[in-house]
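Structural overview
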Amino acid sequence: MMPKVLVILANGFEEIETACIVDILRRAGAELCLAGLDGTEPCVGSRQMRVLPDAALDQLEGEWALIVLPGGLGGTERMLQHEKLHRLLQTQAASKRLLAAVCAAPLVLDKAGVLPARFTCHPSVRTRLERDALEATVVDEGGVVTSRSAGTAMDFALHLVERLFGEQKRRAIEAALAR
């Protein structure tokens, strides 16, 4: 059975991060669901790309091998206000299942109380956190994977493939991408 991955979509999401995560994880064979924070209406990204969610977050149940939060400040601000999402992230962490966030989205992990001591995030949101972020492209700490920005989305997605499927699958995906 392929790992089930939940990617959260909120208006204002970062298009490169979202598309890269979805593309790379689907290439690897993950069973992926794009969950709309505000239902099943199309979500509009920070650069006006429209993406239709597979399902509404409020209607989903079950366990996920991985929950991913794409960045984009607008989407992050919306996720910061969504208490059900925070509870879902807390349950995921308590169950020792993977969490991942990129760009501004580590702020949501912080608000939910599941951001580890070692993490990275976009430089523009560092001052909103009470501790310092690392300068790394990807940080993997205690079942939580964070990445810096749209420019690191490919490395982030490939790291998630490695966590879910192993190093050999990551290498195969990289080779297929002629990276």
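The structure contained in this document is the topic of the report that follows.

Each value, and the rule that gives it
- Residues numbered from 1 in each chain as written.
- Predicted model: local features only at pLDDT ≥ 70, side-chain atom pairs only at ≥ 80, totals over all residues.
- Heavy atoms only, no water.
- Helix = DSSP H or I, 4+ residues; strand = E, 2+ residues; numbered from the N terminus.
- Buried < 20%, exposed > 50% of the residue type's maximum accessible area, 1.4 Å probe, protein only.
- Contact = heavy atoms within 4.5 Å.
- Areas by Shrake-Rupley, 256 points an atom, 1.4 Å probe, with all protein chains shown as cover.
- Lys, Arg positive; Asp, Glu negative; His and termini not counted.
- Charge placed at Lys NZ, Arg CZ, Asp CG, Glu CD.
- Polar contact = N/O pair within 3.5 Å; in protein donor to acceptor, adjacent residues only side chain to side chain.
- Axes fitted to C-alpha atoms, helices over the stretch in contact; angles between N-to-C directions.
- Left-handed = near helix turned anticlockwise from the far one by under 90°.
- Nonpolar A, V, L, I, M, F, W, Y, C, P; charged D, E, K, R; others polar.
- Salt bridge = Lys/Arg side-chain N within 4 Å of Asp/Glu carboxyl O.
- Phe/Tyr/Trp six-rings, centres within 6.5 Å; stacked < 30°, edge-to-face > 60°.
- Lys NZ or Arg CZ within 6 Å of the ring centre and 35° of its normal.
- Pairing = 2+ DSSP bridges.

**Concerning the overall build of the protein**
Counting its regular elements, the protein contains 6 helices and 9 strands. In terms of overall dimensions, the protein has C-alpha extents of about 40 × 35 × 35 Å along its principal axes. Counting over 179 residues, the protein shows a buried share of 53%. For the protein, contacts bridging at least 24 residues in sequence account for 63% of all contacts bridging at least 6. Of the roughly 8,300 Å² that the protein leaves accessible, carbon and sulfur atoms contribute 48%. One finds the centroid of the 21 positive side-chain charges in the protein at a distance of 2 Å from the centroid of its 23 negative side-chain charges.

**What to know about the environment of Thr76**
Along the polypeptide, Thr76 turns up in helix H2 (residues 73-80). Relative accessible area serves as the criterion here: at 0%, Thr76 is assigned to the buried category. Note: C-alpha distance between Thr76 and Ala104 (28 residues apart in sequence) is 6.3 Å. If we skip the residues at most four places from it in the chain, Thr76 touches Pro70, Gly71, Ala104, Ala105, Leu107 and Val108. Reaching out from Thr76, the side chain makes a polar contact with the backbone nitrogen of Ala105 at a distance of 3.5 Å.

**Points about the packing of helix H1 (residues 15-28) against helix H5 (residues 153-165)**
Between H1 and H5, whose axes approach to 9 Å, the crossing angle comes to 30°. The element H1 and its partner H5 pack so that their crossing is right-handed. Packed against H1, whose contacting residues are Ile16, Glu17, Cys20, Ile21, Ile24, Leu25 and Ala28, the element H5 presents Ala153, Met154, Phe156, Ala157, Leu158, Leu160, Val161, Leu164 and Phe165 at the interface. Residue classes in the contact of H1 with H5 are distributed as 15 nonpolar, no polar and 1 charged.

**A few points about the environment of Gln90**
Among the secondary structure elements, Gln90 is positioned in helix H3 (residues 83-94). Through-space distance from the C-alpha of Gln90 to that of Gly113 is 7.3 Å; in sequence the pair is 23 residues apart.

**Description of the pattern of salt bridges**
By the definition in use, this model includes 11 salt bridges. Note that Asp23 is salt-bridged to Arg27, the shortest N-O span being 2.4 Å. Of this pair, Asp23 and Arg27 both sit in helix H1, 4 residues apart, roughly one helical turn. The class for Arg27 is partly exposed, based on a relative accessible area of 46%. Close ionic contact of Glu162 with Arg170 constitutes a salt bridge, the shortest N to O distance being 3.3 Å. Overall, the relative accessible area of 15% leaves Arg170 in the buried class.

**A short note on the packing of aromatic side chains**
All chains considered together, the criterion is met by 0 aromatic pairs. Positioned above the aromatic ring of Trp64, the side-chain terminus of Lys4 is 4.8 Å from the ring centre. A cation over a ring is seen here: Lys169 above Phe165, with NZ or CZ 5.9 Å from the ring centre.

**A short note on the sheet that holds strand E7 (residues 98-102)**
Each strand in a sheet pairs with another by means of backbone hydrogen bonds, the pair being arranged parallel or else antiparallel. Strands sit in the order E5-E2-E1-E6-E7-E9-E8 across an open sheet of 7 strands; the sheet is mixed. At either end of the open sheet lies a strand with only one pairing partner, and these are strand E5 (55-56) and strand E8 (138-141). In the sheet, E7 pairs with strand E9 (residues 144-147) via 4 bridges, with the strands oriented parallel. Following the sheet pairing, Leu99 is matched in E9 by Val144. The strands touched by H1 within the sheet are strand E1 (4-9), strand E2 (31-36), strand E6 (66-69) and E7, with E2 carrying the most contacts at an inclination of about 155°.

Keep in mind these numbers describe shape, not what the thing actually does.
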